[in-house]
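Structural overview
Here's the letter readout for the chains.
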Amino acid sequence: YNQSAGTVYDKAGDSTVCPANQTVKIDKTAPKCSSSGGSSSWTNDSRTLVGTCSDSGGSGCAGNVSWNINWEGEWSNLSPGKVKDNAGNETQCPANQTVKVDKTAPVCESSGGSDTWTNASRTLTGTCSDQGSGCVSNVSKDYTTQTEVYNQSAGTVYDKAGNSTVCPANQTVKIDKTAP
C-alpha cells in the first residue's frame, strides 16, 4: 500500500517524486485443492464431487468447484475440476474420487414350483441378475405344509445399490401330506 513509482526527470534535470498512492498486490502461488464426495459404495442416487479451495498466496480463493454425477456407471480416479484464486492462478483438484451409480433394478426369474402334486416340500427360488452393481443374493421361499396355491413369488431381490424387484408371481405349489 502507498507505493510510489519512483522519481521522474525532465531534460533540464528537474525531478519530481511520484505520489505514494499506489497499491500493489501480487500472488504467483497457485491455490491448493482437496477433493471429496466420492464413495466406493454403490448408490442408486447421484454423487456430487467437491473441490475445496484454499489459498495462502494472499489473493484468496475465487470459490470451490463441484461436479454432480447423475448417470449410471463405475469410475475411479475422478477429479471435481479446477479451482482458481482471485489473481487467476489455478490448480487441478486431486483425481482420487470413486463413483458408483446404478439406477436400474435387477431382474428376477422365479422357479421351483410345479403343477404336479407332491407329498414333499417345495422351495421357490428367485434368481437375481444385475448388469450394474450386482445382486446382493438370490431369494427363496419354502413350502412344507399341505397347500394348493397359485401365482406365487419367491420374494424380492436387491442389487448392491439398493434397487429391488419383486420376482414374478408365476409359480404353483401343490402339497398333499394327507394319506388316502
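The structure reproduced in this document is the subject of the present report. (Residues numbered from 1 in each chain as written. Predicted model: local features only at pLDDT ≥ 70, side-chain atom pairs only at ≥ 80, totals over all residues. Heavy atoms only, no water.)

As for the pairing of strand β3 (residues 32–36)
Taking every second residue as pointing to the same face, the buried face of β3 carries Cys33 and Ser35, while none of Lys32, Ser34 and Ser36 on the other face is buried. Note that β3 and strand β4 (residues 47–54) share five bridges and pair antiparallel. Note on β4: the bridge partner recorded for serine 34 is threonine 52. (Buried < 20%, exposed > 50% of the residue type's maximum accessible area, 1.4 Å probe, protein only. Helix = DSSP H or I, 4+ residues; strand = E, 2+ residues; numbered from the N terminus. Pairing = 2+ DSSP bridges.)

Quick look at the side chain of threonine 147
Along the chain, threonine 147 turns up in strand β13 (residues 147–152). Discounting chain neighbours no more than four positions away, the residues touching threonine 147 are Trp117, Val173, Lys174 and Ile175. (Contact = heavy atoms within 4.5 Å.)

Structural notes on the sheet that holds β4
Overall, antiparallel pairing links the three strands, which are arranged β3-β4-β5 in an open sheet. A strand with exactly one partner marks an edge of an open sheet, and here the two such strands are β3 and β5 (65–69). Looking at each pair of strands side by side, their axes are set apart by 15 degrees on average, direction ignored. Alignment of β4 against β5, held across five bridges, turns out to be antiparallel. Looking at β5, one finds that threonine 48 is bridged to asparagine 68. (Axes fitted to C-alpha atoms, helices over the stretch in contact; angles between N-to-C directions.)

A look at the sheet that holds strand β11 (residues 122–129)
Taken in spatial order, the three strands of this open sheet run β10-β11-β12, and their pairing is antiparallel. The open sheet has two edge strands with one neighbour each: β10 (107–111) and β12 (139–143). The average angle at which neighbouring strand axes cross in this sheet is 15 degrees, direction not considered.

Re the state of the cysteines
Taken as a whole, this structure holds four disulfides when the rule is applied. In this model, cysteine 33 is linked to cysteine 93 through a disulfide, with the two sulfur atoms separated by 2.0 Å. Across the disulfide from cysteine 33 to cysteine 93, rotation about the S-S bond amounts to roughly 90 degrees, and the bridge is consequently right-handed. Of the two residues, cysteine 33 sits in strand β3 while cysteine 93 sits in the loop between β8 (90–92) and β9 (97–101), which places them 60 residues apart along the sequence. Cysteine 93 shares its class with cysteine 33; the two are buried. What pairs with cysteine 108 in a disulfide is cysteine 167, and their sulfur atoms sit 2.0 Å apart. For the disulfide bridge between cysteine 108 and cysteine 167, the dihedral angle about the S-S bond is near 85 degrees, and by the sign convention the bridge is right-handed. Taken as a pair, cysteine 108 in strand β10 and cysteine 167 in the loop between β15 (164–166) and β16 (171–175) lie far apart in primary sequence, 59 residues in all. Of the two residues examined, cysteine 108 and cysteine 167, each falls in the buried class. Going through the chain in sequence order and numbering each bonded cysteine, the pairs you get are 1-4, 2-3, 5-8, 6-7. (Disulfide = S-S within 2.5 Å.)

Quick notes on the packing of aromatic side chains
Evaluated as defined, the whole model comprises two aromatic pairs. Plain terms: the ring middles of tryptophan 67 and tryptophan 71 are 6.4 Å apart, the flat faces sit at 50 degrees to each other, and that makes the pair tilted. Residues tryptophan 71 and tryptophan 75 carry aromatic rings whose centres are separated by 6.3 Å and whose planes lie at 75 degrees to one another, so their mutual orientation is edge-to-face. Taken together, the ring pairs connect Trp67, Trp71 and Trp75 into an aromatic cluster. (Phe/Tyr/Trp six-rings, centres within 6.5 Å; stacked < 30°, edge-to-face > 60°.)

Structural notes on the environment of lysine 100
By secondary structure assignment, the location of lysine 100 is in strand β9. Residue classification places lysine 100 among the buried positions, given a relative accessible area of 17%. It is 12 Å that separates the C-alpha atoms of lysine 100 and threonine 48, two residues lying 52 residues apart in sequence. Excluding anything up to four places from it in sequence, lysine 100 contacts Ser39, Ser40, Ser41, Trp42, Thr43, Gly73 and Glu74.

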